[in-house]
Amino acid sequence: MKNKIGLIILILLLGYGIIRIGVGTVLLAQASEIISFEELNDATLEVEKFINARSSKQLVPFTTSGYFAYILVMGILLTAGAVGIIARGKWGFYLLWIYIAMHAALFVNYQEINPKIIVLAIQIILLVVLTYLRPAKRLN
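Residues numbered from 1 in each chain as written. Predicted model: local features only at pLDDT ≥ 70, side-chain atom pairs only at ≥ 80, totals over all residues. Heavy atoms only, no water.

**Remarks on the side chain of Asn109**
Piece 1. The topology assignment puts Asn109 in helix H4 (residues 90-110).
Piece 2. A relative accessible area of 6% places Asn109 in the buried class.
Piece 3. Polar side-chain contacts of Asn109 include one of 2.5 Å to the backbone nitrogen of Val60.
Piece 4. Apart from residues no more than four positions distant in its own chain, Asn109 is found in contact with Lys57, Gln58, Leu59, Val60 and Phe62. (Helix = DSSP H or I, 4+ residues; strand = E, 2+ residues; numbered from the N terminus. Buried < 20%, exposed > 50% of the residue type's maximum accessible area, 1.4 Å probe, protein only. Polar contact = N/O pair within 3.5 Å; in protein donor to acceptor, adjacent residues only side chain to side chain. Contact = heavy atoms within 4.5 Å.)

**Some points on the packing of H4 against helix H5 (residues 116-133)**
Piece 1. It is the contact of H4 with H5, at a shortest axis distance of 11 Å, that shows an interaxial angle of 160°. Classified by the angle between their axes, H4 and H5 sit roughly antiparallel to one another. In this structure, the crossing between H4 and H5 has a hand that is left-handed. Taken together, the residues of H5 that come into contact with H4 (itself represented by Phe93, Leu96, Trp97, Tyr99, Ile100, His103, Ala104 and Phe107) are Lys116, Ile117, Val119, Leu120, Gln123, Ile124, Leu127, Val128, Leu130 and Thr131.
Piece 2. Class assignment of the residues belonging to the contact of H4 with H5 gives a composition of 14 nonpolar, three polar and one charged. (Axes fitted to C-alpha atoms, helices over the stretch in contact; angles between N-to-C directions. Parallel < 35°, antiparallel > 145°, perpendicular 65-115°, else oblique. Left-handed = near helix turned anticlockwise from the far one by under 90°. Nonpolar A, V, L, I, M, F, W, Y, C, P; charged D, E, K, R; others polar.)

**Digging into helix H3 (residues 64-86)**
Piece 1. An ideal rise of 1.5 Å per residue puts 33 Å on 23 residues; H3 measures up with 33 Å between its terminal C-alpha atoms.
Piece 2. The first or second residue beyond H3 is Arg88, which carries a positive phi of 65°. (Expected span 1.5 Å × (residues − 1).)

**Brief notes about the environment of Leu14**
Piece 1. Take Leu14: it is sitting in helix H1 (residues 2-31).
Piece 2. In the structure, Leu14 is positioned 37 residues away from Ile51 in sequence and 28 Å away in space, judged by C-alpha atoms.
Piece 3. If we skip the residues at most four places from it in the chain, Leu14 touches Thr79, Ala82 and Val83.

**Quick notes on the packing of aromatic side chains**
Piece 1. Here the structure, examined in full by the defined rule, presents five aromatic pairs.
Piece 2. On the numbers, 6.2 Å between centres and 85° between planes, the contact of Phe62 with Tyr67 is edge-to-face.
Piece 3. Seen in terms of ring centroids, Phe62 and Tyr110 are 6.3 Å apart; in terms of plane orientation they differ by 25°. Their pairing is stacked. With Phe62 in the loop between helix H2 (38-53) and H3 and Tyr110 in helix H4, this pair connects stretches of sequence that are 48 residues apart. (Phe/Tyr/Trp six-rings, centres within 6.5 Å; stacked < 30°, edge-to-face > 60°.)

**Re the pattern of salt bridges**
Piece 1. All told, the structure shown has one salt bridge when counted by the stated rule.
Piece 2. In this structure, Glu112 engages Arg54 in a salt bridge whose closest nitrogen and oxygen atoms are separated by 2.5 Å. With a gap of 58 residues between them, Glu112 in the loop between H4 and H5 and Arg54 in the loop between H2 and H3 connect regions that are remote in the sequence. With respect to class, Glu112 is no different from Arg54; both count as buried. (Salt bridge = Lys/Arg side-chain N within 4 Å of Asp/Glu carboxyl O.)

Shown next, in the form of structure tokens:
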């Protein structure tokens with residue numbers, strides 16, 4: 001039973017990672033003017049306004065493209081980490097902890113707490129639970 005619960009959690013994380021990859025890729029392409037879809041203009045402008053409004057508070061300044069690239073890398077880590085844990089590899093846990101650290105770093109970088117911190121807290125809880133539900137297999 002705990003294996004099934006672990007797999008459900010991993011499928012959710014995998015799906016979220018794939019969404020992050022898709023969103024990060026499309027918005028990075030839009031911000032880099034590789035593609036141009038009117039429907040995406042609002043999203044890129046919203047992120048640009050967010051970044052510009054916090055330009056004096058950022059510890060590490062991001063461009064709009066840089067922010068979307070960061071989101072893309074987070075999605076890759078999340079997806080690969082979920083796959084790693086599905087395969088019972090210890091490396092999957094390492095990738096997910098790096099993803100968690102990158103997510104937390106965004107709050108530190110912008111020195112701002114927003115409702116997305118709840119998502120981060122849930123992901124930390126899920127990762128801790130996964131260490132019990134789907135521990136990595138030891139190699140002899």
